[in-house]
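A closer look at the structure
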Amino acid sequence: MSSISALICRSCGREYPVEPINACDYCFGPLEVAYNYEAISKVISRKKIESGPYSMLRYHDLLPIDLENAVEINAGFTPLMKCSNLGKALGLENLYIKNDSVNPTFSFKDRVVTVAATKAREFGFDTLACASTGNLACSVAAHAARAGMKAFVFIPADLERGKVVGAAVYNPTLIAVDGSYDEVNRLCSEIGDNYPWAFVNINIRPFYAEGSKTLAYEVAEQLGWKAPDHTVVPAASGSMSTKIWKGLKEFSNLGLIGKVNTRMHVAQPEGCSPIIEAYDSKTLQVKPVKANTIAKSLAIGNPTDGIYALKTIQESKGSAVVAMESEIADSIKLLAETEGIFTETAGGVVISGLKRLVNEGKIKRDELTVAYITGNGLKTIEAVEDAVKPVFTKPNLEAFEESMHAGATL
Ligand SMILES: *Cc1c(COP(=O)(O)O)cnc(C)c1O
Ligand SMILES: [Zn+2]
């Protein structure tokens, strides 16, 4: 049995029953899942986790779902790789990549949707829906297919082909909206008021968001039950960064790891960096921006959890770091060339941010650093395809040698 006691307003602390709701009636603050940690501490242990399923569900005691009901496509349990080649290039001796690009639908969104889809079915919904910057659409469509639910997924019409096809193939109703993500999100809020659908990132959001905590649990377990000195995390709505921090603190409070001294660094692209702008202006008030970035998965101009991402940075003594648009493709290539990991533009933002943090002395050479790579490069080949060309040849030895000599490309 899951040990959730209530939903609680993150802003004023009022409690609500466990229902498909996401905002406080009194102050409009976002609702969050509250757990009965005393009950959890009696059942959870390193040993129990280690003998659990080889997926994010090994942490089900700290998720708001029952294991027996899980809508599973095997999200999580992704590799944590020590990256000495990239480390050497950047000046770090203790660098790890959490490679979440190898999830079933090729992004970390499978973690949040596993929880949301399970919860939606528990609540009795027959339709899953979402407002998406791309990856979420893929994951919602796949989980709905697996659960035998209907799916309505809404995306901005100008997304990369890999994400459009990568969602459409699961046969949802895919709605391409002539507008930005922020407009898609507003539309979906209106639709949600009129249709009895489980919008994973709107009315199911308190549960959905909890799935990101498994990004912290897994890293702590994979490091041999300890927290890193630094994490670098991409931000769109800002939710993931706050939940990684929450997950580390939960593990520590439950005695599964020691004290947490992790500094949380949040990376955004130059063309959509409202959280960084607030951080630089030393305010918790996030001013919405009009997004214009090649990192489309991060193109949220009005981030729902921006203020909580800023509080996470403050509490952990971390920072917010920008990636220049012109650096993103080079960073994708750098990670691919040094470590054999092909990430999407959001990962390029993280690697650019990591580089800047090292150059500015915010991360020291020997400190244990984990960079979260949250999406797969095959979904955004547009970002690098002009920079990578095969050598072209006719099918005979002479032509091959000539082509090699001339450096002919296709
Ligand atoms: C959605 C997404 C993010 C950002 O997640 P938030 O929790 O909204 O900040 C990061 N990386 C990728 C690849 C994503 O698809
Ligand atoms: Zn409230």
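The structure we're discussing is the one just above.
The rules behind these values
Residues numbered from 1 in each chain as written. Chains lettered and ligands numbered in written order. Predicted model: local features only at pLDDT ≥ 70, side-chain atom pairs only at ≥ 80, totals over all residues. Heavy atoms only, no water. Pairing = 2+ DSSP bridges. Helix = DSSP H or I, 4+ residues; strand = E, 2+ residues; numbered from the N terminus. Buried < 20%, exposed > 50% of the residue type's maximum accessible area, 1.4 Å probe, protein only. Donors = N, O, S within 2.8 Å, 3.2 Å for Na, K, Ca; no water. Tetrahedral: all angles 85-135°; square planar, octahedral: opposite > 155°, others 65-115°. Near = heavy atom within 4 Å. Polar contact = N/O pair within 3.5 Å; in protein donor to acceptor, adjacent residues only side chain to side chain. Areas by Shrake-Rupley, 256 points an atom, 1.4 Å probe, with all protein chains shown as cover. Nonpolar A, V, L, I, M, F, W, Y, C, P; charged D, E, K, R; others polar. Phe/Tyr/Trp six-rings, centres within 6.5 Å; stacked < 30°, edge-to-face > 60°. Lys NZ or Arg CZ within 6 Å of the ring centre and 35° of its normal. Axes fitted to C-alpha atoms, helices over the stretch in contact; angles between N-to-C directions. Parallel < 35°, antiparallel > 145°, perpendicular 65-115°, else oblique. Left-handed = near helix turned anticlockwise from the far one by under 90°. Contact = heavy atoms within 4.5 Å.

The strand order E2-E1-E3 describes an open sheet built from 3 strands, whose pairing is antiparallel. At either end of the open sheet lies a strand with only one pairing partner, and these are strand E2 (15-16) and strand E3 (31-35). Judged from the 5 bridges that link them, strand E1 (residues 4-9) and E3 form a sheet pairing that is antiparallel. Residue pairing for E3: Ala6 is matched across the bridge by Ala34.

What follows covers the pairing of E3. E3 sits mainly inside the fold: 5 of its 5 residues count as buried. Neither face of E3 is left uncovered, since the one carrying Leu31, Val33 and Tyr35 and the one carrying Glu32 and Ala34 both have all their residues buried.

To continue, consider the coordination of the zinc ion (ligand 2). Only Cys9 (SG), Cys12 (SG), Cys24 (SG) and Cys27 (SG) from the protein coordinate the zinc ion (ligand 2), and they sit 2.2 to 2.4 Å from it. Around the zinc ion (ligand 2) sit 4 donor atoms, and with donor-metal-donor angles ranging over 99 to 117° the site reads as tetrahedral. Counting along the primary sequence, the residues that act as donors to the zinc ion (ligand 2) give the motif C-x2-C-x11-C-x2-C. Take Cys9: its relative accessible area is 4%, and that puts it in the buried class.

Let's shift gears to the site of ligand 1. In the neighbourhood of ligand 1, 16 residues make up the surrounding shell, with Lys109, Asn135, Ala236, Ser237 and Thr374 lying closest. Here Gly238 contributes a backbone N or O atom positioned 2.9 Å from an oxygen atom of ligand 1. Protein burial of ligand 1: of its 390 Å² of free accessible surface, 96% is covered by the chains. Among the residues forming the shell around ligand 1, the class breakdown is 7 nonpolar, 7 polar and 2 charged.

Attention now goes to the packing of aromatic side chains. One pass over the full model with this rule turns up 11 aromatic pairs. Among the aromatic residues, those joined into a ring-pair cluster are Phe152, Phe154, Tyr195, Trp197 and Phe199. Taking the ring centre of Tyr308 as reference, the NZ or CZ of Arg10 above it sits at 4.3 Å. Here the guanidinium or amino end of Arg14 rests over the ring plane of Tyr26, the centre of that ring lying 3.6 Å away.

Time to look at the packing of helix H5 (residues 135-147) against helix H6 (residues 161-168). Two numbers describe how H5 lies on H6: the axes approach to 8 Å, and their chain directions differ by 15°. Considering their axes alone, H5 and H6 lie roughly parallel with respect to each other. As H5 packs across H6, the resulting crossing turns out to be left-handed. Here Asn135, Ala137, Cys138 and Ala141 of H5 lie close against H6, whose contacting residues are Lys163, Gly166 and Ala167.

On to the environment of Gln222, then. With respect to the helices, strands and loops of the structure, Gln222 is situated in helix H9 (residues 214-222). Look at Gln222 and you get partly exposed, because its relative accessible area is 35%. Spatially, the C-alpha atom of Gln222 lies 32 Å from that of Cys9, the residues being 213 residues apart in sequence. Ignoring anything within four residues of it in the chain, the contact list for Gln222 reads Thr78, Pro79, Leu80 and Lys98. A distance of 2.8 Å separates the side chain of Gln222 from the backbone oxygen of Thr78, its partner in a polar contact.

Glancing now at unusual backbone geometry. Positive phi values are uncommon outside glycine, yet Phe28 reaches one of about 65°. Topologically, Phe28 is positioned in the loop between E2 and E3. One non-glycine residue, Asn171, adopts positive backbone phi at about 65°. Within the element layout of this structure, Asn171 appears in the loop between H6 and strand E8 (173-177).

Running from amino to carboxyl end, helix H10 (residues 239-253) crosses helix H12 (residues 306-316) at an angle of 45°, the nearest separation of the two axes being 8 Å. By the angle between their directions, the pair H10 and H12 is classed as oblique. Handedness of the H10/H12 crossing: left-handed. Residue-level contacts link Ser241, Thr242, Trp245 and Lys249 of H10 to Tyr308, Ala309, Thr312, Glu315 and Ser316 of H12.

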